[in-house]
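Notes for the structure review
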Amino acid sequence: MKIHRRGDCGDDVGLLQHRLIRAGQPVTVNYLYDDETELAVAALQRCAGLVVDGIAGPKTYATLANGQRDRKHLRDADLIEAADALGVPVACIRAVNEVESRGSGFLPDGRPVILFERHKFWQRLENHGIDPAPLAVQLPNIVSQKVGGYQGGAAEYTRLTRAERIDPVAAWESSSWGAFQIMGHHWQRLGYASADDFVAHMESNESAQLDAFVRFIAADSSLLAALKSRKWIQFAKLYNGPNYARNLYDAKLAQAYLKYVAPHYPRVDAAAA
């Protein structure tokens, strides 16, 4: 499902405006995602207990369809609690959530979003005492020293399942999980009882996925310092790796942060209260 935000226009936006009206949020149907539409979306989100960002993504549309928030979905209160736990402005957490979560931590079928990393699987197999070289000959898309092989979406579970047949723990450790794409091999450092315990939390709800993010940031003093000081280049480099610049993560984070501290954003909260 496409994500709609301020500045968008077209038939889909008009349909959204009609649905907002039916949900009790008065808005002008002009096929333009203007300030009024953003405020109406934010009001709906506030009433439902969703994250309040004024962006119409899959969770907002699901709420419009079902009349209530899916309990798996992140609450606005979760973002505030995360900010308090890390000692950072909530705008920082809102920015990271907008840029990193990509709308939802779950696939339409209810499984958490994952990305299987074949080069990590090579490393984790070695860590578990298994020689990956023979397996790489047979399954180069699953075991490799090179990054890649991604299929995206639900197809990543096909790769994960094949890896689980070799070693389930190494497979879970070689995947990034949930809205904030935390790698499974961090489970012990982040205080989970086992890799299986980590996966169980990622499968439960987005609040648990956000908690993994909080643990990940808190466990890295450099990452936490970059977030506290809003040094987005440093934060993106540490969090996203060397491809951060190519994907403009630092610029996207900076832009999102400015949006959430801009004068208009409190109006979103006030209008939705």
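Description of the structure in this document. (Residues numbered from 1 in each chain as written. Predicted model: local features only at pLDDT ≥ 70, side-chain atom pairs only at ≥ 80, totals over all residues. Heavy atoms only, no water.)

**What about the overall build of the protein chain?**
- Within the protein chain, the regular secondary structure consists of 15 helices and three strands.
- Since a compact globule built from 273 residues should have a radius of gyration of about 19 Å, the 20 Å found for the protein chain is in line with a globular shape.
- Summarising its shape, the C-alpha atoms of the protein chain cover approximately 65 × 35 × 35 Å along the three principal directions.
- Within the span of the protein chain, comprising 273 residues, buried residues form 48% of the whole.
- At a minimum sequence separation of 6, the contacts of the protein chain that also span at least 24 residues come to 56%.
- Accessible area of the protein chain: about 12,800 Å², with a carbon and sulfur share of 52%.
- Considering the protein chain, the positive charge centre built from 31 side chains and the negative charge centre built from 31 side chains are found 3 Å apart. (Helix = DSSP H or I, 4+ residues; strand = E, 2+ residues; numbered from the N terminus. Rg over C-alpha atoms; globule rule 2.2 N^0.38 Å. Buried < 20%, exposed > 50% of the residue type's maximum accessible area, 1.4 Å probe, protein only. Contact = heavy atoms within 4.5 Å. Areas by Shrake-Rupley, 256 points an atom, 1.4 Å probe, with all protein chains shown as cover. Lys, Arg positive; Asp, Glu negative; His and termini not counted. Charge placed at Lys NZ, Arg CZ, Asp CG, Glu CD.)

**Thoughts on the sheet that holds strand S2 (residues 175–177)**
- The antiparallel open sheet is built from three strands, whose spatial order is S1-S2-S3. Two strands lie at the open edges of the sheet, namely strand S1 (114–116) and strand S3 (182–183), each paired on one side alone. (Pairing = 2+ DSSP bridges.)

**Considering helix H10 (residues 195–204)**
- Those residues of H10 not exposed but buried are Ala195, Phe198, Val199 and Met202. Seen end-on, H10 carries its buried residues on one side only, within an arc spanning 95°.
- In the core, the buried residues of H10 are packed alongside helix H9 (168–173), S2, S3 and helix H11 (206–218). (Arc of directions from axis to C-beta.)

**A look at the pattern of salt bridges**
- All told, the structure shown has 13 salt bridges when counted by the stated rule.
- Between Arg6 and Asp35 there is a salt bridge, with the nearest N and O atoms lying 3.3 Å from each other. Of this pair, Arg6 sits in the segment before helix H1 (11–22) while Asp35 sits in helix H2 (residues 35–48), and the two are 29 residues apart along the sequence.
- You can call Arg6 partly exposed: its relative accessible area is 38%.
- Using a relative accessible area of 38% as the deciding quantity, one classes Asp35 as partly exposed. (Salt bridge = Lys/Arg side-chain N within 4 Å of Asp/Glu carboxyl O.)

**Concerning the environment of Tyr61**
- Tracing the sequence through the fold places Tyr61 in helix H3 (residues 58–66).
- Here Tyr61 falls in the buried class, since its relative accessible area comes to 8%.
- As for Tyr61 and Gly129, which are separated by 68 residues in sequence, their C-alpha atoms are 46 Å apart.

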